[in-house]
Amino acid sequence: MNDLLIKLGELFSPIADFAKDGNWKMLIMWAIGGVLIYLAIKKQMEPTLLLPIGFGAILMNFPGVVKVVCLGETSHVLSTSFLFPEEYAGKLCPECGALLTTEYSGIAEPLHELYNAGIANELFPLLLFIGIGAMIDFGPLLNNPKLMIFGAAAQFGIFFTLCMASVFFPEIKDAASISIIGAADGPTSIVVANKLGSNYVGAITVAAYSYMALVPIIQPPVIKALTTKNERRIRMSYTQRSVSKTTKILFPIIISVIACIFAPGAGSLIGFLMFGNLIRECGVLDSLSETAQKVLANLITIFLGITIAFNMSAGQFLNGDTLLIMGLGLVAFIVDTAGGVLFAKLYNLVMKLLKKPLINPMIGAAGISAFPMSGRIVHKMALEEDNQNFLLMHSIGVNVSGQIASVIAGALILGFFS
Amino acid sequence: MYFEPMEFVNKLSYMGVGMLGVFIIVGIIIAATYGIGYFTDKFIKKD
């Protein structure tokens, strides 16, 4: 009977741990998880990612999910997840001086395996890029290739944030990883942060995906602040030039070759993106293209979302640095948008001197990689100003070029600091 | 808390070189894209 009572007591021991000092942070993580789930379901903000991340964030914050174990002769558990074991892992045991290690149980065990199998080696983001490549129609860009220059300009936020982040983070690998939130591209953020060995992969990924979801809220005020009503009403003619199938097939191949030569760091990301696009455009792999766009992308997204939550235990996530990263991520998105719009205005100044047609400067803001939200927002804003001003093809053209330019910027960051 | 405002100025060179790098590579891609269009149009006309 006594044994049974002891066993029953052990069953409830995690609840006793819950009352220990500092464990209130665990409840905050549950609240954060709840907010992410709310935003995903109620506000439909990037639900495919925010929902699994939010759910995973709740599951990762339970007693005993992550333990710090002393590897000394008398192997003993030093702390549970309620005591923020990440602060101890890799250090020496204060009791016997032996090395400490982290052990995972419950949800953390499979998530740890998934993390090593899919995120630590960048497999999930790369596979997701095949699906994204299969979804993208580069037609609007091939119709007017010079639009790509605005995709380049909108990467300004990345490098500005690099300077800003280095003010607050002593390790340049962390500052560089944080700056890549400005790529507005989850897979690129994960790959760069992992390759640079940043300590903040979880916070960076959550910031990148959260702000991508918030693009409809972040971009319009910045665009309006930097443009006049007349500028927002500028109409752009669109001449549909027939783009041959050969061009569409050669484009992904040649872009991959150029990226591998001039920005080798982008080889894997661009290669997988363009591989997906080649499957789409070749015309003989329709079933593969459909699978990449739907089944592959959905499967990877499911695993990616919940696996990201592996980095969301309270000890790892809930600190001042995370708040700072969220703030810097917001700066990156704002400066990206501003960079694109201001570059478009500069372009217009030159065009005015040359007496050539002007462009609507709002399309510069679509140069961030958040595809296709950013392109759609610019189109919607143009219609709000003038219900006959259709910018969709131009803004989507700039938006897909932002996808390529953000990967190139990521590769340059890797080249600088890896 | 680490706070070094001068690091912003120290890292400006990365901003300049980074943006220049992005524009150069994107410029090459634009040129290549025009090139692809030009040659495939010619090729298709010949057919």
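Predicted model only: the values in this text are computed from it and were never measured.

Draft legend 1. Quick peek at the overall build of chain B. When its secondary structure is counted, chain B shows 2 helices and 0 strands. Within the span of chain B, comprising 47 residues, buried residues form 28% of the whole.

Draft legend 2. Local environment of the overall build of chain A. Counting secondary structure elements, chain A contains 21 helices and 3 strands. What you see for chain A is a C-alpha radius of gyration of 24 Å, in line with the 22 Å of a compact globule of 418 residues. Based on the C-alpha atoms only, the size of chain A along its principal axes is roughly 90 × 45 × 40 Å. Residue burial in chain A is summarised as follows: out of 418 residues, 53% are buried. Residue pairs in contact within chain A that sit at least 24 positions apart in sequence constitute 72% of those at least 6 positions apart.

Draft legend 3. The interface of chain B and chain A, seen in detail. At the junction of the two partners, chain B supplies 30 residues and chain A supplies 36 residues. At the level of elements, α1 (6–10) and α2 (12–46) of chain B are the ones that each hand at least two residues to the side of chain B that touches chain A. The leading source of residues in the side of chain B that touches chain A is α2 of chain B, at 22 residues.

Draft legend 4. Region of interest: the packing of helix α6 (residues 123–135) of chain A against helix α17 (residues 286–308) of chain A. Residue and element names in this part refer to chain A. For the pair α6 and α17, the least separation of the axes is 8 Å and the interaxial angle reads 145°. At the point where α6 passes α17, the crossing takes the left-handed sense. Contact residues: α6 offers Phe-124, Leu-127, Leu-128, Ile-130, Gly-131, Ala-134 and Met-135, while α17 offers Ser-289, Ala-292, Gln-293, Leu-296, Ala-297, Ile-300, Thr-301, Phe-303, Leu-304 and Thr-307. When its residues are assigned to classes, the contact of α6 with α17 shows 12 nonpolar, 5 polar and no charged.

Draft legend 5. Main features of unusual backbone geometry. All names here are of chain A. Look at the link from Phe-371 to Pro-372: it is a cis peptide, with omega at 0°. Along the chain, Pro-372 falls in the loop between α19 (320–353) and α20 (373–385). Although it is not a glycine, Glu-122 sits at a positive phi angle of roughly 65°. Among the structural elements, Glu-122 can be located in the loop between α5 (108–119) and α6.

Draft legend 6. The arrangement of the environment of Gly-151 of chain A in detail. Here Gly-151 of chain A lies in helix α8 (residues 148–153). The class for Gly-151 of chain A is buried, based on 30 C-beta atoms found within 10 Å. Once the C-alpha coordinates of Gly-151 of chain A and Pro-357 of chain A are considered, the two residues, 206 residues apart in sequence, prove to be 20 Å apart. In contact with Gly-151 of chain A, not counting residues within four places along its chain, are Gly-367, Val-398, Ser-401, Gly-402, Ile-404 and Ala-405 of chain A together with Val-26 of chain B.

Draft legend 7. Seen up close, the nonpolar core. Residue and element names in this part refer to chain A. Core analysis: the biggest nonpolar cluster contains 144 residues, and Ile-204 and Ile-408 have the highest contact counts within it. Take this core: its biggest share by element is 12 residues, from helix α21 (residues 392–417). Once you skip the residues sitting within four places of it in the chain, Ile-204 turns out to touch Ser-177, Ile-178, Ile-181, Ser-189, Ala-193, Ser-198 and Ile-325.

Draft legend 8. Region of interest: α19 of chain A. In this model α19 of chain A runs 49 Å from its N-terminal to its C-terminal C-alpha over 34 residues, within 8% of the 50 Å that 1.5 Å per residue would give. Two residues or fewer past α19 of chain A, Lys-355 of chain A is found with a positive phi of approximately 55°.

Draft legend 9. Layout of the environment of Asp-386 of chain A. The topology assignment puts Asp-386 of chain A in the loop between α20 and α21. Taking the C-alpha atoms as reference points, Asp-386 of chain A and Arg-235 of chain A, 151 residues apart in sequence, are found 8.9 Å from one another.

Draft legend 10. The arrangement of the pairing of strand β1 (residues 66–70) of chain A in detail. With 5 of its 5 residues buried, β1 of chain A lies for the most part within the structure. Every second residue of β1 of chain A is oriented toward a common face, with Val-66, Val-68 and Cys-70 of chain A on one face and Lys-67 and Val-69 of chain A on the other, all of them buried.

Draft legend 11. Geometry of the confidence of the model for chain B. Summing up the model confidence of chain B, the mean pLDDT is 88 and the portion of residues at 70 or higher is 89%. In the predicted complex, the global pTM is 0.85; the interface-specific ipTM is 0.92.

Draft legend 12. Structural detail: the confidence of the model for chain A. Model confidence for chain A is summarised by a mean pLDDT of 87, while 92% of its residues fall at 70 or above. Looking at the elements of chain A, mean pLDDT is at its lowest for helix α2 (residues 13–18) of chain A, recorded as 60, and at its highest for helix α9 (residues 156–168) of chain A, recorded as 96.

Parameters at a glance
Residues numbered from 1 in each chain as written. Chains lettered and ligands numbered in written order. Predicted model: local features only at pLDDT ≥ 70, side-chain atom pairs only at ≥ 80, totals over all residues. Helix = DSSP H or I, 4+ residues; strand = E, 2+ residues; numbered from the N terminus. Buried ≥ 20, exposed ≤ 12 C-beta atoms within 10 Å, placed from the backbone. Rg over C-alpha atoms; globule rule 2.2 N^0.38 Å. Contact = placed C-beta atoms within 7 Å. Axes fitted to C-alpha atoms, helices over the stretch in contact; angles between N-to-C directions. Left-handed = near helix turned anticlockwise from the far one by under 90°. Nonpolar A, V, L, I, M, F, W, Y, C, P; charged D, E, K, R; others polar. Core = buried A, V, L, I, M, F, W, Y, C linked by C-beta atoms within 7 Å. Expected span 1.5 Å × (residues − 1). pLDDT = per-residue confidence, 0-100.

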